[in-house]
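Coordinate inspection notes
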Amino acid sequence: MGLGTTLLDKVMQRFVSKGALTVILPDGTSTTYGSGGEPSATIKINDTALPMALVKNPELVAGEAYMDGRLEMVDCTIHDFLTVFANNRDGLRKGPIRSKVKAWNKKIKRWHQRNPRAASSANVKAHYDISNELYKMFLDEDMQYSCAYFSDPDMTLEEAQLAKKRHIAAKLDLKAGQRVLDIGCGWGGMAMHLAKEHGVKVVGVTLSTQQHSLAIERVKDAGLEDLVDIRLQDYRDVEGPFDRIVSVGMFEHVGIGHFAEYFETIRELLTDEGVALVHSIGRKGGPGTTGAWIRKYIFPGGYSPALSETFAEIEKAGLWVSDCEILRLHYAYTLAEWNKRCQAQKAEIVEMMGEEFFRMWEFYLSISELSFQLGKHMNFQIQLTKDVHALPVTRDYMVDEERAQG
């Protein structure tokens with residue numbers, strides 16, 4: 001048994017306490033760790049150098065090894081393996097090596113999240129300009145690539161995404177003819193919904209060229225060109241004012257060093273009576289870091305903020321938090337449905353993007369789902385105003401509007 005294998009064995013003994021994880025080494029020998037029962041998984045290591053690499057940086061290396069075949073699932077799925085991982089991650093992170101890596105990553109996270117204009121554009125293109133056809137395969141019909149709102153657990157994904165748009169629209173307290181800014185508008189679904197259902201004029205901005213081109217096409221097909229203007233533009237370059245601002249799934253890409261700039265820009269762009277609604281992934285605990293694998297392969301420059309970090313910058317910007325809601329498990333349900341749809345179209349995705357890409361994508365969807373199901377991630381919706389009198393003093397108007405839409 002080599003040094004890497006010996007060290008991995010010691011890590012696994014400390015790491016796996018819930019469920020069972022069987023590890024098959026390159027020489028065919030195997031060891032089962034944990035108390036037994038569920039969750040359980042069996043993995044096969046196909047590279048003699050992999051044990052040491054896993055000991056040094058398991059969260060990055062495990063994903064990379066699964067992508068290139070050095071780590072193989074045996075009679076189980078990657079979701080099964082990651083479920084074992086998620087149930088035991090505290091034991092892994094308490095190890096001396098991982099503790100030092102985590103502390104170092106916290107110190108340099110501002111460097112990881114530097115998002116000036118050029119970097120922001122490059123980071124967006126790295127994820128959102130992959131292929132519109134890929135996203136069409138697993139998103140709902142309106143191509144909402146953010147947390148849905150399952151007001152009824154039996155909802156379809158399409159129904160839950162429509163409920164999300166209605167939920168947000170109710171919080172915006174819209175009036176026909178108002179001017180609305182959609183920061184990070186994606187493929188235009190939210191902008192089109194608000195314009196069609198509420199008679200507002202929407203400017204949507206994105207840095208993704210593929211989102212931009214398809215969103216313009218969709219707006220034209222819907223006959224909403226007089227109400228919806230989709231721009232390939234950085235939100236920091238938009239000229240106001242706007243009666244309403246909505247930002248769904250974009251704040252995660254801002255980076256902690258740009259939080260102040262983000263909220264100051266919202267304040268500058270809002271009218272005195274204006275209302276903004278920021279919908280974002282967040283984290284239950286205090287400030288943290290983005291996982292190395294997610295940062296490298298999925299969301300470069302991305303970070304899910306703690307509420308403490310977010311509220312601190314809102315206060316500095318001089319904005320009122322007029323409402324805040326925490327959506328705990330809704331994104332777990334959303335991601336599970338996306339993964340289900342990807343698995344159903346695996347052959348088509350592999351043909352389009354390749355086997356390694358598919359393994360990367362299912363690893364991303366699974367680890368993300370579990371971070372909401374078993375980890376510390378959630379979504380928050382923060383409503384902001386400049387004027388304390390901008391909205392009714394109770395939340396009844398939100399409930400009334402949402403029921404009227406449904």
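Values in this document were obtained by computation on a predicted structure and should not be read as measured data. (Residues numbered from 1 in each chain as written. Predicted model: local features only at pLDDT ≥ 70, side-chain atom pairs only at ≥ 80, totals over all residues. Heavy atoms only, no water.)

**A short note on the overall build of the chain**
Counting its secondary structure elements, the chain contains 18 helices and 11 strands. For a compact globule of 406 residues, the expected C-alpha radius of gyration is about 22 Å, and the chain comes in at 22 Å, within 12% of that figure. Principal axes of the C-alpha set define a box for the chain whose edges measure 70 × 45 × 40 Å. Looking at the chain as a whole, 55% of its 406 residues qualify as buried. Nonlocal contacts in the chain, meaning residues at least 24 apart in sequence, comprise 72% of its contacts between residues at least 6 apart. Accessible surface, the chain: about 17700 Å² in total, of which carbon and sulfur atoms supply 51%. Of note, the chain has its 48 positive side-chain charges centred 8 Å away from the centre of its 55 negative side-chain charges. (Helix = DSSP H or I, 4+ residues; strand = E, 2+ residues; numbered from the N terminus. Rg over C-alpha atoms; globule rule 2.2 N^0.38 Å. Buried < 20%, exposed > 50% of the residue type's maximum accessible area, 1.4 Å probe, protein only. Contact = heavy atoms within 4.5 Å. Areas by Shrake-Rupley, 256 points an atom, 1.4 Å probe, with all protein chains shown as cover. Lys, Arg positive; Asp, Glu negative; His and termini not counted. Charge placed at Lys NZ, Arg CZ, Asp CG, Glu CD.)

**Thoughts on helix α10 (residues 189-198)**
For α10, the tally of buried residues reaches eight of 10 residues, placing the bulk of the element in the interior. Of the residues making up α10, those classed as buried are Gly189, Met190, Ala191, Met192, His193, Leu194, Ala195 and His198. At the exit of α10 stands Gly199, carrying a positive phi of roughly 65°.

**Quick look at the sheet that holds strand β6 (residues 201-206)**
The seven strands lie next to each other as β7-β6-β5-β8-β9-β11-β10, forming an open sheet whose pairing is mixed. Of all strands in the sheet, those with a lone pairing partner are β7 (228-232) and β10 (320-327), marking the two edges. The average angle at which neighbouring strand axes cross in this sheet is 15°, direction not considered. Here strand β5 (residues 179-183) runs beside β6; their pairing, made up of five bridges, is parallel. Bridge pairing in β6 places Leu181 opposite Val203. Docked against the sheet, helix α12 (residues 259-269) engages β5, β8 (242-248), β9 (270-283) and β11 (377-385), running at close to 155° with respect to β9. (Pairing = 2+ DSSP bridges. Axes fitted to C-alpha atoms, helices over the stretch in contact; angles between N-to-C directions.)

**Side note on a negative patch on the surface**
A cluster of acidic side chains, namely Glu217, Asp221, Glu225 and Asp226, defines a negative patch on the protein surface. Counting through the fold element by element, Glu217 comes out in helix α11 (residues 209-221). A residue is classified by how much of its surface remains accessible, and Glu217, at 46% relative accessible area, is partly exposed. (Patch = residues over 30% accessible without salt bridge, like charges linked within 9 Å, V, L, I, M, F, W, Y side chains within 5 Å. Salt bridge = Lys/Arg side-chain N within 4 Å of Asp/Glu carboxyl O.)

**A word on the packing of helix α15 (residues 330-344) against helix α16 (residues 346-353)**
Following both chains from N to C, one finds α15 and α16 inclined at 80°, their axes separated by 5 Å at the closest point. Relative to α16, the element α15 lies roughly perpendicular. On α16, the residues that touch Cys342, Gln343 and Ala344 of α15 are Lys346, Glu348 and Ile349. Here the contact of α15 with α16 is composed, by residue class, of three nonpolar, one polar and two charged. (Parallel < 35°, antiparallel > 145°, perpendicular 65-115°, else oblique. Nonpolar A, V, L, I, M, F, W, Y, C, P; charged D, E, K, R; others polar.)

**Some points on the side chain of His330**
In this fold, His330 is placed in helix α15. Once residues within four sequence positions are removed from consideration, His330 is found in contact with Cys147, Ala148, Tyr149 and Phe150.

**Some thoughts on the environment of Lys196**
Topologically, Lys196 is positioned in helix α10. Placed 27 residues apart in sequence, Lys196 and Gly223 show a C-alpha to C-alpha distance of 9.6 Å.

**Section: the environment of Arg403**
Note on placement: Arg403 falls in helix α18 (residues 396-405). With a relative accessible area of 67%, Arg403 lands in the exposed category. Counting along the chain gives 208 residues from Arg403 to Ala195, while the straight-line C-alpha distance between them is 19 Å.

**Here we look at empty space enclosed by the protein**
All told, the structure shown has two cavities of 30 Å³ or more when counted by the stated rule. Counted as a void, the largest cavity has a volume near 540 Å³. Lining of the largest cavity is provided by 36 residues; of these, Gly184, Cys185, Gly186, Gly249 and Met250 occupy positions nearest its centre. Those elements that provide at least two residues to the lining of the largest cavity are α7 (117-128), β5, α10 and β6. In terms of residue count, the dominant contributor to the lining of the largest cavity is α7 (five residues). When grouped by side-chain class, the residues that make up the lining of the largest cavity number 16 nonpolar, 17 polar and three charged. (1 Å grid on protein atoms, 1.4 Å probe; cavity = no way out; pocket = protein on both sides within 12 Å on 5 of 7 lines; lining within 4 Å. Points joined across faces, edges and corners; volume = space filled by probe spheres on them.)

**Notes on the pairing of strand β2 (residues 30-36)**
Across a regular strand the side chains alternate sides, sitting on one face of the sheet and then on the other. Alignment of strand β1 (residues 19-24) against β2, held across six bridges, turns out to be antiparallel. Opposite Thr22, over in β2, you have Thr32 as the bridge partner. Linkage of β1 to β2, two consecutive antiparallel strands, is achieved through a turn of five residues, within which Gly28 is found at a positive phi near 95°.

**Some points on the environment of Leu25**
Topologically, Leu25 is positioned in the loop between β1 and β2. A residue is classified by how much of its surface remains accessible, and Leu25, at 13% relative accessible area, is buried. Contacts of Leu25, omitting those with residues within four sequence positions, involve Thr5 and Ile45.

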